[in-house]
Amino acid sequence: SDTAWRHRNRIFLGEVGNGAVSRTTIAVFSTLSSGFCARVHPGAIFRPARGLEEHAPAVLPGARLRWRDCGIWERLLEQLIDEPDMAWLMIDAGHCKVHPHAAGARGGNDGMGRTKGLNTKIHLAVDAQGLPVGVLAPEATRADCRHAGELIEGLVAEHLIADKGCDSDAIVGQARHQGMQPVIPPRQNRKAQREYDRHRYRQRHLVENAFPLLRQWRGIATRDAKRLSSFLAAAQIRCLVPWLPIS
């Protein structure tokens, strides 16, 4: 909507001062953002955006890499998250299949693991309404508990809801240190079984529902970006879209 474009333009005007975004880029920001979404949504390859030849040749691919490396999409997502419902914080991880076009990057495959074929893992955190508040794409498909601490770092909520994959003393301790009550079922091999709120744990379906929302965009469902940083930027773009009508 026009309101969403104006809101994003206001945020991007703050990026001019640090040199990450030029005023020429601001002038075509709406067209560029539409181009990014149109690229990730159907999983198409980048083409020079029509109507932008007077600003810079092939501006869309260049801006995509520059904004990715400057962390523009991550900062934009952080500013668009407006008063999230942090009654509880839910985290989970899911696999995204890798398209053959994503293989063969210089220096070897970037951030891919083998689980019934090549996959890239996405770690997602959502609020009590199921809206994304954090996303990670680690370099290897490791256990969920390896990256859960990084995912919840700096987030404050009343409860932390996660599955058994995040049941570790480090995660439970970090959650309590950040003022969150962990709602994590204990592993069966724990010597001392920990009690948890089974009724509240049922709300974890909200983070499960968030993954199909991300995979509605083909560029997320099937990774075709050779670089993991490009795939993470695409995931951040997808995560900020649900916040636009709210912000």
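Residues numbered from 1 in each chain as written. Predicted model: local features only at pLDDT ≥ 70, side-chain atom pairs only at ≥ 80, totals over all residues. Heavy atoms only, no water.

K.L.:
Any chance you could break down the overall build of the protein chain for me, citing the residues and the numbers?
P.N.:
A tally of regular secondary structure across the protein chain gives eleven helices and seven strands. Counting the 247 residues in the protein chain, one finds 50% classified as buried. The long-range fraction of contacts in the protein chain, counting pairs at least 24 apart against all pairs at least 6 apart in sequence, stands at 63%. Only carbon and sulfur atoms are counted for the fraction: they give 50% of the accessible area of the protein chain, which is about 12,600 Å². (Helix = DSSP H or I, 4+ residues; strand = E, 2+ residues; numbered from the N terminus. Buried < 20%, exposed > 50% of the residue type's maximum accessible area, 1.4 Å probe, protein only. Contact = heavy atoms within 4.5 Å. Areas by Shrake-Rupley, 256 points an atom, 1.4 Å probe, with all protein chains shown as cover.)

K.L.:
Tell me about the nonpolar core, residues and numbers included.
P.N.:
Membership of the largest hydrophobic core comes to 57 residues, with the highest contact counts inside it found for Leu89, Ile91, Ile122, Leu124 and Leu160. Aside from chain neighbours lying at most four places away, what touches Ile91 is Leu124, Ala125, Ala148, Leu151, Ile152, Leu160, Ile161, Ala162, Cys166 and Val207. (Core = buried A, V, L, I, M, F, W, Y, C linked by side-chain atoms within 4.5 Å.)

K.L.:
Tell me what's going on with helix α9 (residues 205-214), and back it up with residues and numbers.
P.N.:
Regarding α9, the residues found buried are Leu206, Val207, Ala210, Phe211 and Leu214. Considered in projection along α9, the buried side chains sweep an arc of 155° and stay on one side of the axis. Buried residues in α9 make contact with β1 (89-98), β3 (118-126), α10 (218-221) and α11 (228-240). (Arc of directions from axis to C-beta.)

K.L.:
Talk me through helix α5 (residues 72-80); I want residue IDs and the actual numbers.
P.N.:
Among all positions of α5, only Ile72, Trp73, Leu76, Leu77 and Leu80 are buried. Projected down its long axis, α5 carries its buried residues within an arc of 130°, all on one side.

K.L.:
Run through the environment of Ile72, naming residues and quoting values.
P.N.:
The residue Ile72 is located in helix α5 in this model. On a C-alpha basis, the gap between Ile72 and Ala233 in space is 8.9 Å, while along the polypeptide they are 161 residues apart.

K.L.:
Summarise the environment of Leu118; cite the residues concerned and give the values.
P.N.:
With respect to the helices and strands, Leu118 occurs in strand β3. Separated by 15 residues in the primary sequence, Leu118 and Ala103 place their C-alpha atoms 9.1 Å from one another. Filtering out sequence-adjacent residues up to four positions away, Leu118 remains in contact with Cys96, Lys97, Val98, Asn109, Met112 and Gly113.

K.L.:
Break down the pairing of β3 for me, with residues and values.
P.N.:
The side chains of a regular strand alternate between both faces of the sheet. In terms of burial, β3 is a largely internal element, eight of the nine residues being buried. As judged from the eight bridges shared by β1 and β3, these two strands associate in the antiparallel manner. Each bridged residue has a counterpart across the sheet, and for Gly94 the counterpart in β3 is Ile122. Counting the residues between successive antiparallel strands, the hairpin from strand β2 (residues 113-114) to β3 contains three residues, one of them, Lys116, with a positive phi of roughly 55°. Where β3 lies against strand β4 (residues 132-136), four bridges are found, and the strand directions are antiparallel. When the bridges of β4 are listed, Val126 appears paired with Pro132. If you look at the hairpin formed by β3 and β4, you'll find five residues sitting between the two strands, and Gly130 has a positive phi there, around 85°. (Pairing = 2+ DSSP bridges.)

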